[in-house]
Amino acid sequence: MALYAIGDPHLSLNSPKSMEVFGGNWVGYVEKLKEGFSVVQPEDTVVLAGDLSWGMSLQEAEADFAFLNALPGTKVLLKGNHDYWWETASKMTKFFAEHHFDTFHILHNNCFLYGDYALCGTRGWFIDEEKGEHNEKMLHREVCRLEASLKAAGEREKLVFLHYPPIYQGYRCPEILALLREYGVKRCCYGHLHSQSCRLAVQGERDGTEFSLISADYLNFIPKKILN
């Protein structure tokens, strides 16, 4: 049994918004992702750190879910900024059950137990993603969601997965970083950054937390092993 993580597959099997238009490593990315999951065994767990599908609704994203569900391993899903299909946990759970997508677990205001560890997370937020009152409300909401996830973990060792990076070159989200310190989080994985932006990623240890970029194109569409 092993734990893996990967973010930003940006699937579009039922919509015309394919990432192949960006060329480079995105050419043939669906097949690359399928091949990349060959490292995952059925008994393993994979955290999917947001931006899973370009579908605008659960129904429009159904083909993408079917593709992900068929890949090996249990999948722990968290929200990305482009996951417009995201609904309430109850609606998503019902939809997944009705369509027999039985490898999915939703990480949202909760934690997922993995052995002696607790997998915690939320989308996160860029303080400069938008300006004004809405931005402050969204940041506060995401901080509260992350804290709810961390609290749900109790005394277990906590691994945090975010969509947005809480830190990169020239940027820090002090509210989220403070939570990582307060709850003694030793490892934090994030996505969102692509192409040339990957050069801005902060990786390695900072203030007691080890950070890793897990965007699919950065990982060459091969899930990153987090724990054996």
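Residues numbered from 1 in each chain as written. Predicted model: local features only at pLDDT ≥ 70, side-chain atom pairs only at ≥ 80, totals over all residues. Heavy atoms only, no water.

A description of unusual backbone geometry should follow, citing residues and the corresponding values.
Despite not being glycine, His10 has its phi angle at roughly 50°, a positive value. Inspection of the secondary structure puts His10 in the loop between strand E1 (3-6) and helix H1 (29-36). Of note, His100 is a non-glycine position whose phi angle comes to about 60°, a positive value. With respect to the helices and strands, His100 occurs in the loop between helix H3 (89-98) and strand E4 (104-106). (Helix = DSSP H or I, 4+ residues; strand = E, 2+ residues; numbered from the N terminus.)

Talk me through the side chain of Thr209; I want residue IDs and the actual numbers.
For Thr209, the position within the fold is in strand E12 (residues 209-213). Other than its neighbours up to four places away in sequence, Thr209 contacts Leu180, Val185, Lys186, Arg187, Cys188 and Gly204. (Contact = heavy atoms within 4.5 Å.)

Please give an account of the pattern of salt bridges that cites residues and values.
Inspection of every chain in the model, using the stated rule, returns four salt bridges. Residue Glu87 is joined to Lys91 by a salt bridge in which the shortest nitrogen-to-oxygen separation is 3.9 Å. Judged by relative accessible area, which is 48%, Lys91 ranks as partly exposed. Residue Asp207 pairs with Arg172 through a salt bridge whose shortest N-O separation is 3.4 Å. One end of the pair, Asp207, is in the loop between strand E11 (204-206) and E12; the other, Arg172, is in strand E9 (residues 171-172), and 35 residues separate them in sequence. Given the relative accessible area of 52%, Asp207 is considered exposed. You can call Arg172 partly exposed: its relative accessible area is 43%. Through salt bridges with shared partners, a single ionic network connects Arg123, Glu142 and Arg145. (Salt bridge = Lys/Arg side-chain N within 4 Å of Asp/Glu carboxyl O. Buried < 20%, exposed > 50% of the residue type's maximum accessible area, 1.4 Å probe, protein only.)

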